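Residue-level structural notes
These are the residues of each chain, in order.
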Protein chains: 2
Amino acid sequence: MVEPVGNHYVIARPVYSENAFNEEHEKVHRYHKTFWDHLKLYFSCSSQRVKKIALGLFPVVSWLPAYRFREWILSDIVSGINTGLVAVLQGLAFALLVNVPPSYGLYAAFFPVLVYFIFGTSRHISVGPFPVLSLMVGGVVTRLVPDDSAGIGNSTNTSAIDNERVMVAASVTFLSGVFQLLLGIFQFGFIVIYLSQSLISGFTTAAAIHVLVSQLKFMFQLPVPGFNKPFGIIYTLESVFSQITDTNIADLVTSLIVLLIVFVVKEMNDRYKEKLPTPIPIELLVTVLAALISHFVDFEKKFNVAVVGKLEEGFQAPVAPDVGILQKCIADGFSIAIVGFAVAFSVAKVYSIKHDYPIDGNQDLIAFGLGNIVGGSFKGFASSTALSRSGVQESTGGKTQIAGIVSSVIVLIVILAIGFLLAPLQKSVLASLALGNLKGMLMQFKEVHVLWRKDKYDCVIWVVTFIAAVLLGLDIGLATAVAFQLLTVVIRSQFPSCTVLANVGRSNIYRNRKDYTDIYEPEGVKIFKCSSPIFFANVEFFREKLITAVGFNPLRVLRKRNKALRKIRKMLKKGELQVTPKGLICTASPTYESDEELDNNRIEELDQPTIMTDLPIRINWATDLPPGITVPQVNIHSIILDFSSVSFLDFSAMTVLRKILKEFVRLDIDIYIAGAYEGLLDKLERSAFFDEEIKPSMFFLTIHDAVLHILLKKDIASSPKLKLAEVTLQSSSFITLCLYSIARLQTVLCTAIAVCATLSLFSKR
Amino acid sequence: MVEPVGNHYVIARPVYSENAFNEEHEKVHRYHKTFWDHLKLYFSCSSQRVKKIALGLFPVVSWLPAYRFREWILSDIVSGINTGLVAVLQGLAFALLVNVPPSYGLYAAFFPVLVYFIFGTSRHISVGPFPVLSLMVGGVVTRLVPDDSAGIGNSTNTSAIDNERVMVAASVTFLSGVFQLLLGIFQFGFIVIYLSQSLISGFTTAAAIHVLVSQLKFMFQLPVPGFNKPFGIIYTLESVFSQITDTNIADLVTSLIVLLIVFVVKEMNDRYKEKLPTPIPIELLVTVLAALISHFVDFEKKFNVAVVGKLEEGFQAPVAPDVGILQKCIADGFSIAIVGFAVAFSVAKVYSIKHDYPIDGNQDLIAFGLGNIVGGSFKGFASSTALSRSGVQESTGGKTQIAGIVSSVIVLIVILAIGFLLAPLQKSVLASLALGNLKGMLMQFKEVHVLWRKDKYDCVIWVVTFIAAVLLGLDIGLATAVAFQLLTVVIRSQFPSCTVLANVGRSNIYRNRKDYTDIYEPEGVKIFKCSSPIFFANVEFFREKLITAVGFNPLRVLRKRNKALRKIRKMLKKGELQVTPKGLICTASPTYESDEELDNNRIEELDQPTIMTDLPIRINWATDLPPGITVPQVNIHSIILDFSSVSFLDFSAMTVLRKILKEFVRLDIDIYIAGAYEGLLDKLERSAFFDEEIKPSMFFLTIHDAVLHILLKKDIASSPKLKLAEVTLQSSSFITLCLYSIARLQTVLCTAIAVCATLSLFSKR
């Protein structure tokens, strides 16, 4: 980037209208693909294409051979172990949110990871249970299998209820997997482009709030039911604070200590990143320590803290989902599918931007779909990615999904062998570990301020998304946010800045006339720019602004003129007016009839063009009127619409535009359109936009072309013969014109000699 | 509109970057109103403003004094009588849809008209009952007061149920009126700008279908319950056709005869519009005739047809709505308010466009709200406008709401005096009369074809609106249609046409290089145009298209170069490379090391700029590489982004754009932005968009300015001294340059003399 070299340039070319330009420059006939061509192309089949699609279905085939073993394996293993431990802890914690025994959470943390390793495209997300999804599944579970209402609570009954609940969770998970798979296969991953950065940021922050609130019950050790409905977070908080006096102090203290340790050590890890060979695996240390202390001090008995308890060991045989349950939770399945994918993809997108690699929405949908189908079959529950766990995987140096595989090995070990060691661990420790990883997501609050400075609309999107997702729940909140975001795109274009332009610096540059002092507005010419597409929501706005800019309502003026014309006809008939070469001369004293009487015309005829063929002369509205007849003065003869920013016109816009143009044309005002996008002329011709009043010759290449055309036309019209009906133009006399020409010629010559080197660069070599 | 005068123009001015231009031309400092200023202005108060608002609240004050009595009164009376009769008939018919006794339909056709006369802004709509609204109210009625399930059916019980039902209908009407009034007071009438022409057309056509289906039960005389839910129309049709064998043939025959007569006479009215002094009031004639025949032939007893029966005479005392009922139908009240207003306003808009007068959404909301509040208090039910009845009012020559007042007088007469005369009238006659007026609305089907030709998106909006409104019901259908319509605005901008431009005709005109034969692309310069705003939904598309246009992925090239640089450093260290004035010379035999080994860099560093300060020379990537080292060839040195159609950039777009620009800058490619909208530069500066790599000096006024700047810069760079690291430019030798200059000078001189008259026009006079 170099500062501009202050040189001059010279342009000498004809004044081009679109038509003239296209006559002079041959246009290549191109075949534009139709909808059917695209469709055919889409469904065409070649061996190469099949291979590409097949490879795309198994991303692991592409990235695994390129794995930089020596360089990455250590990081991946460290990260995998950390993540695996967190996955174990979260699996246990989130299973409680689903209202199923803890060990099922481990299945949810195991199977989807294996599937995602093969099918997924993100390298950094840790697939597995996600608290909000768990809460949603838990909502279905408590709805379909409510708490033992009889309150008998014997062990066989409890275990039967648990089995039923596991079945419900597994079925709804299976169903959401099917939805995700179908969406992925039918390439509906494109929905993710409607998740803008601001929206994702607001949404993930809201999700972090949900996680935080959902973990409160474990930190305080309070019995809080799941609220799966709008404003559920408020009910949860209400429930927590109404019971706050029942807090288990031992749990709260443990939580706060763990939180403090995790937070401080993580900060140190960040600060001394360069000096540490590998970040301190603080989650691992804290968990081991906490389990040991709890075991030897016997917290469970002494302080009545909640502990993980005995885990079931080994796997369960896969089951087919229950069709009866499936029918009852179609809507839940769909919203779980969408929220699960939206959360996972938004987190994946954050990391893909940070580490710069592509991710594929459709492929990830397939990966999550298959993951949930497999997970559901093995009695796991819906998986996505936990923000906190993905944070662990990435921040402890995970490079690829090898870390995921390592983490699943850890989960496997816990499932098969050492689950019993976790039995004395406090649930509040699990909660604190999860919270310790939310910092990054919560820090996104700082973005609001930055966004407000950069783009108000994006800031509003962030806030609306956040509030909607926090209050309405992640599913409805997301839908609301996306709808709101689409609305902002419309609103941004709805009030375009409409400006009147003027020539700045007497060359071919036209800018807002209010912005510069050194401006020149050609007399009687209005140059009007609309800076957005014109469509149903802003075409009336455009019309109003144009009328404000020209200073009169053309329809009203047309009506007044027609009225005056009728009066003149009447007066001519009565002989009160005489036609002379100089115009109309009134022979009678002006009568000043009431307007009312002359108004007896039918509404429908009012906007017809003024027809003067039956009159002996043309009437010059600016000067010729007999006394007693007045029409509004129109002090412009041409309007140029700068369409260079108008990127499309819809049907409403075309209809209204045509109407406005006609109104002006009927006032003998020439309208020109400059800088229209390629294809607009064709589209208008197809739409029967043009007739004998509105012609394609109104299209000019640039504003300057149109202005020069107008000036030349008016000069020719006003010089040779004086037409009566022509708007008077302050014509420059021939002498001043010649004098000026000579002065200008000098400038041109000097400039030409100085700069024709530039032009030479522009020739073919 | 005159064909362009084929003259030339000459421009001689400096090459302007935005900065240079703003230095040369003083900018006026303007105070831009902030949000708070607007708010203050909005709530400012002056006596004039108060007067204007007060007048606006009572539109009748403005239009009644301007009433053209002699001219309009006859039309209004004729229209009013016709409309009044239809209003009576429809009132009776639609009351049956609400499941209340017929006379209450007359109240619904009376009170709101009076209120609308004072407060309404449309001149042609006939306010009163509307079948779909009636069906919706009927849905609430049957839900809250179900049919007498015990089936006792004695008269006291029936009358008690009827009273309850009237109370429910009145309460829900009152509630919807309150909603409308509130929406109107808080200026929420703006929602109507989201109803585009295509949407209104599709919606009213769907409403016509609903009316048609709702009248079938009366034509066939079948007992069909009201279905107030999605796909209700299908249930209704199913119900009709499952009972089709029970059709009362007498009713069907009457219906068909009436329909035929009405249709034919209406066609004749249309065709001989000019010759007839007033349209034949066929509805009136048919009704009187049918009532007479039915009475004297005694259809009721002979053929068991359904007749209107005895009407209650006189008015009922006003009642307060039942709070208990109100609480149960808040959602219904809101949807009735919205649908009622949407239907009425869309019809009003059709007539306001046809007859060209302004209507005010907020004022109409207030008018309908007050109308429903008054109507509900007097035990009427929700009113809007019936499409058919408004059709009658307009087509029989109604000019203002005076016709409405006349029609309400007719209703009043029927209520107070002659109701008994209508007792023998068949219900099927009422239905046929309503259907006879649907033609205009149903003819809108023809628009689909026209829309497809004019604008595909608008055609899709029509079809989606129609299908949604028919199948999902008018309330949900309308919401769906509006949401879909907003989505189309986004989609229109989502896949902008991104084109590579080239100079056409060797002047300052740049067009799509594929479209013209006579094109010139400056060597090493890509001119890329994006023809829409850039925002979250299309910024990735923009990025991809730009990468396709330049032919390489800048990030990939940068990585390859960084890799090559590391290799060169290594070779220099080993002494395998020697630095000579001509470049690097390799002294060792090329080793062709495996790429893998050199790849041991951390991902995070990959997109850093190539730093060569530690090397003894700058490396020319196009030529200088030692054997064994390859980088992708980059054959461009400058990119110009034409932003003239980019009407806004959102935060996502700014972030991604900045990233792309940086990538190119780090490849030593100069990026220029031409024709950006006013204010973009300020906005980017506020957003901390610029740094030492991306500078505001990249902004140029036009593409041509940027191209000349590039050519001059490259020429200067390549001529005086040969820099090693500069991209080789095929420089024209000084001699050919001079020769060309002379030849070009001649052209310039001739042109200049011929056209400087043009320029003189451009000076101050």
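This one's a predicted model, so the numbers in the text were calculated from it and none came from an experiment. (Residues numbered from 1 in each chain as written. Chains lettered and ligands numbered in written order. Predicted model: local features only at pLDDT ≥ 70, side-chain atom pairs only at ≥ 80, totals over all residues. Heavy atoms only, no water.)

**As for the overall build of chain A**
Worth spelling out the cut-off: Elements are defined by DSSP. Helices are runs of H or I of four residues or more, strands are runs of E of two residues or more, and each kind is numbered from the N terminus. Working definition: with a 1.4 Å probe on protein chains only, accessible area under 20% of the residue-type maximum means buried, over 50% means exposed, and in between means partly exposed. Here, two residues are considered to be in contact whenever any of their heavy atoms come within 4.5 Å of each other. Only the protein chains shown count as covering a residue, and every accessible area follows the Shrake-Rupley method with a 1.4 Å probe.
A tally of regular secondary structure across chain A gives 31 helices and twelve strands. For chain A, buried positions account for 56% of its 765 residues. Contacts in chain A between residues at least 24 apart in sequence constitute 81% of all its contacts with a sequence separation of at least 6. Carbon together with sulfur atoms contributes 64% to the accessible area of chain A, which is approximately 33,400 Å² in total.

**Thoughts on the packing of helix α5 (residues 69–98) of chain B against helix α20 (residues 427–436) of chain B**
All names here are of chain B. Here is the rule: Fitting a line to C-alpha atoms yields each axis, with helices limited to the stretch in contact; the angle taken between N-to-C directions then spans 0 to 180 degrees. In this scheme, roughly parallel covers angles under 35 degrees and roughly antiparallel covers those over 145, while 65 to 115 is roughly perpendicular and the rest are oblique. Basically, the charged four are Asp, Glu, Lys and Arg, the nonpolar ten are Ala, Val, Leu, Ile, Met, Phe, Trp, Tyr, Cys and Pro, and anything else, Gly included, counts as polar.
At their nearest, the axes of α5 and α20 sit 9 Å apart, and the two run at 110° to each other. Relative to α20, α5 is oriented roughly perpendicular. Contacts from Leu 89, Gln 90, Leu 92, Ala 93 and Leu 96 of α5 reach α20 at Lys 427, Leu 430, Leu 433 and Ala 434. In terms of residue class, the contact of α5 with α20 is made up of seven nonpolar, one polar and one charged.

**Some points on the nonpolar core**
Note the following rule: For the purposes of this section, nonpolar cores are sets of buried Ala, Val, Leu, Ile, Met, Phe, Trp, Tyr and Cys residues that join through side-chain atoms within 4.5 Å.
Membership of the largest hydrophobic core comes to 118 residues, with the highest contact counts inside it found for Phe 130, Val 137, Phe 381, Leu 425 and Leu 474 of chain B. Residues within four places of Leu 474 of chain B in sequence aside, it is in contact with Phe 130, Val 132, Phe 203, Ala 207, His 210, Val 339, Val 343 and Ala 469 of chain B. If you look at the next biggest cluster of nonpolar residues, it comprises 110 residues, including Tyr 107, Ala 291, Ala 382 and Val 470 of chain A.

**Concerning helix α28 (residues 651–665) of chain B**
Residue and element names in this part refer to chain B. Where we set the bar: Under the convention used throughout, the expected extent of a helix is 1.5 Å for every residue step, that is, one less than its residue count. For the purposes of these results, a polar contact is taken to be a pair of N or O atoms within 3.5 Å, where, inside protein, one atom must be able to donate a hydrogen and its partner to accept one; residues adjacent in sequence count only when each atom of the pair is a side-chain atom.
Its 15 residues place the ends of α28 21 Å apart at the C-alpha level, agreeing with the 21 Å of an ideal helix rising 1.5 Å per residue. Summarising burial for α28: twelve of the 15 residues are buried, a large majority. For α28, every residue scored as buried is listed here: Phe 651, Ser 652, Ala 653, Met 654, Val 656, Leu 657, Ile 660, Leu 661, Lys 662, Glu 663, Phe 664 and Val 665. The N-cap of α28, judged by a side-chain oxygen 3.3 Å from the amide nitrogen of Ser 652 a few residues on, is Asp 650.

**Quick notes on the pattern of salt bridges**
Basically, it comes down to this: Salt bridge criterion: a side-chain nitrogen from Lys or Arg within 4 Å of a carboxyl oxygen from Asp or Glu.
Following the criterion strictly, the structure yields 26 salt bridges over all chains and no others. A salt bridge links Arg 492 of chain A to Asp 455 of chain A; the nearest nitrogen and oxygen atoms lie 3.3 Å apart. Note that Arg 492 of chain A is positioned in helix α24 (residues 474–494) and Asp 455 of chain A in the loop between α22 (445–454) and α23 (456–472), a separation of 37 residues in sequence. Taken individually, Arg 492 of chain A and Asp 455 of chain A each receive the classification buried, so the pair is uniform in this respect. Between Asp 455 of chain B and Lys 683 of chain A there is a salt bridge; the shortest N-O distance is 2.8 Å. Residue Asp 455 of chain B is located in the loop between α22 (446–454) and α23 (456–472), and its partner Lys 683 of chain A is located in helix α29 (residues 680–686); the two belong to separate chains. On the basis of relative accessibility, which here comes to 4%, the residue Asp 455 of chain B falls in the buried class.

**Things to note about a nonpolar patch on the surface**
All names here are of chain B. For the record, the criterion: For patches, a residue must show more than 30% relative accessible area and have no salt bridge; joins then use 9 Å for like charges and 5 Å for nonpolar side chains, namely Val, Leu, Ile, Met, Phe, Trp and Tyr.
Residues Leu 260, Phe 263, Val 264, Met 268, Tyr 272, Ile 280 and Leu 285 make up a contiguous nonpolar surface patch of roughly 620 Å² in combined accessible area. The leading source of residues in the nonpolar patch is helix α12 (residues 249–271), at four residues. Tracing the backbone shows Val 264 in helix α12. Its relative accessible area of 41% is what places Val 264 among the partly exposed residues.

**Comments concerning the side chain of Gln 180 of chain B**
Residue and element names in this part refer to chain B. Looking at where Gln 180 falls in the secondary structure, it is placed in helix α9 (residues 155–185). We classify Gln 180 as buried; its relative accessible area is 1%. If near-sequence neighbours (up to four positions away) are discounted, Gln 180 is found in contact with Ala 337, Gly 340, Phe 341, Leu 365, Phe 368, Gly 369 and Asn 372.

**Brief notes about the packing of aromatic side chains**
Just so we agree on the cut-off: The pairing test for Phe, Tyr and Trp rings, Trp by its six-membered ring, is centres within 6.5 Å, and the orientation test on the planes gives stacked under 30 degrees, edge-to-face over 60, and tilted for anything in between.
Applying the stated criterion across every chain, the model contains 42 aromatic pairs over all chains. Taking the centre distance of 5.9 Å and the plane angle of 40° together, the rings of Phe 535 of chain A and Phe 648 of chain A count as tilted. You can see Phe 535 of chain A sitting in the loop between β7 (525–530) and α25 (539–550) and its partner Phe 648 of chain A sitting in the loop between β10 (638–642) and α28 (651–665), a full 113 residues away along the chain. The same class applies to Phe 535 of chain A and to Phe 648 of chain A, which are both buried. Ring plane angle 75° and centroid distance 5.1 Å describe the contact between Phe 110 of chain B and Phe 111 of chain B, whose orientation is recorded as edge-to-face. Just as Phe 110 of chain B is buried, Phe 111 of chain B falls in that class too. Every member of this aromatic cluster is reached through a ring pair, and the members are Tyr 67, Phe 69 and Trp 72 of chain A.

**Some details on the environment of Val 137 of chain A**
Residue and element names in this part refer to chain A. Residue placement: Val 137 occurs in helix α8 (residues 131–144). Looking at Val 137, the relative accessible area reads 0%, which means it is buried. Distance from Val 137 to Ser 171, taken between C-alpha atoms, is 10.0 Å for residues 34 residues apart in sequence. With near-sequence residues (within four places) excluded, Val 137 lies in contact with Val 98, Ala 169, Val 172, Ile 336, Phe 381 and Ala 382.

**A word on helix α18 (residues 387–395) of chain B**
Given 3.6 residues per helical turn, the α-helix brings residues three or four places apart onto the same face. With eight of its nine residues buried, α18 of chain B lies for the most part within the structure. Considered for burial, the residues of α18 of chain B that qualify are Leu 387, Ser 388, Arg 389, Ser 390, Gly 391, Val 392, Gln 393 and Glu 394 of chain B.

**Thoughts on the packing of helix α10 (residues 197–220) of chain A against α24 of chain A**
How two helices pack is summed up by the angle between their axes together with the distance between the axes. Residues and elements named next belong to chain A. Cut-off, in case you're wondering: We call a crossing left-handed when the near helix sits turned anticlockwise from the far one by less than a right angle, and right-handed when that turn is clockwise.
Packing of α10 against α24 leaves a shortest axis separation of 11 Å and a crossing angle of 160°. Classed by the angle they form, the pair α10 and α24 counts as roughly antiparallel. Here the hand of the crossing between α10 and α24 comes out right-handed. For the pair formed by α10 and α24, the contact residues are Leu 199, Phe 203, Ala 207 and His 210 on the first element and Leu 474, Leu 478, Ala 481, Val 482 and Gln 485 on the second. Partitioning the contact of α10 with α24 into residue classes produces seven nonpolar, two polar and no charged.

**Observations concerning the pairing of strand β4 (residues 498–504) of chain A**
Residues and elements named next belong to chain A. The condition that has to hold: The pairing criterion for strands is at least two bridges between them, as found by DSSP.
The element β4 is largely enclosed, with a buried count of seven among its seven residues. Note that β4 and β7 share four bridges and pair antiparallel. Across the sheet, residue Val 500 finds its bridge partner in β7, namely Phe 528. Pairing of β4 with strand β5 (residues 510–512), which is carried by three bridges, proceeds in the antiparallel orientation. By the bridge assignment, Leu 501 is partnered in β5 with Asn 512.

**Side note on the environment of Ile 244 of chain B**
All names here are of chain B. Tracing the backbone shows Ile 244 in the loop between α11 (232–242) and α12. Distance in space between the C-alpha atoms of Ile 244 and Phe 220 is 7.6 Å, their sequence separation being 24 residues. Each residue touching Ile 244, except ones within four places of it in the same chain, is listed here: Phe 220 and Leu 222.

**Details of the side chain of Asp 458 of chain A**
Residue and element names in this part refer to chain A. Structurally, Asp 458 can be placed in helix α23. Residue classification places Asp 458 among the buried positions, given a relative accessible area of 0%. In terms of polar contacts, Asp 458 uses its side chain to reach the side chain of Ser 198, at 2.5 Å.

**Thoughts on the confidence of the model for chain A**
All names here are of chain A. For the record, the criterion: Think of pLDDT as the predictor's per-residue confidence, scored from 0 to 100.
Per-residue confidence for chain A gives a mean pLDDT of 78; residues scoring 70 or more make up 84%. Of all helices and strands in chain A, the one with the weakest mean pLDDT is helix α27 (residues 595–598) (40), whereas helix α7 (residues 111–119) scores best (93). In the model, residues 1–6 has pLDDT below 50 throughout and makes 17 contacts with residues more than four positions away in sequence or in other chains. Confidence drops under a pLDDT of 50 for residues 750–765, and excluding neighbours within four residues, the segment shows 42 contacts in the predicted structure.

**Observations concerning the pairing of strand β11 (residues 670–674) of chain A**
All names here are of chain A. Applied cut-off: A crossover counts as right-handed when, viewed with the strands pointing away from the observer, the path leading from the first strand over the helix to the second turns clockwise.
Across the five residues of β11, five count as buried, placing the element largely inside the fold. By the bridge criterion, five bridges tie β10 to β11 in an arrangement that is parallel. Each residue of the ladder has a partner; that of Ser 638, found in β11, is Asp 670. Handedness of the β10-α28-β11 crossover: right-handed. A crossover links β11 with its parallel partner strand β12 (residues 699–700), the connecting element being α29, and its sense is right-handed.

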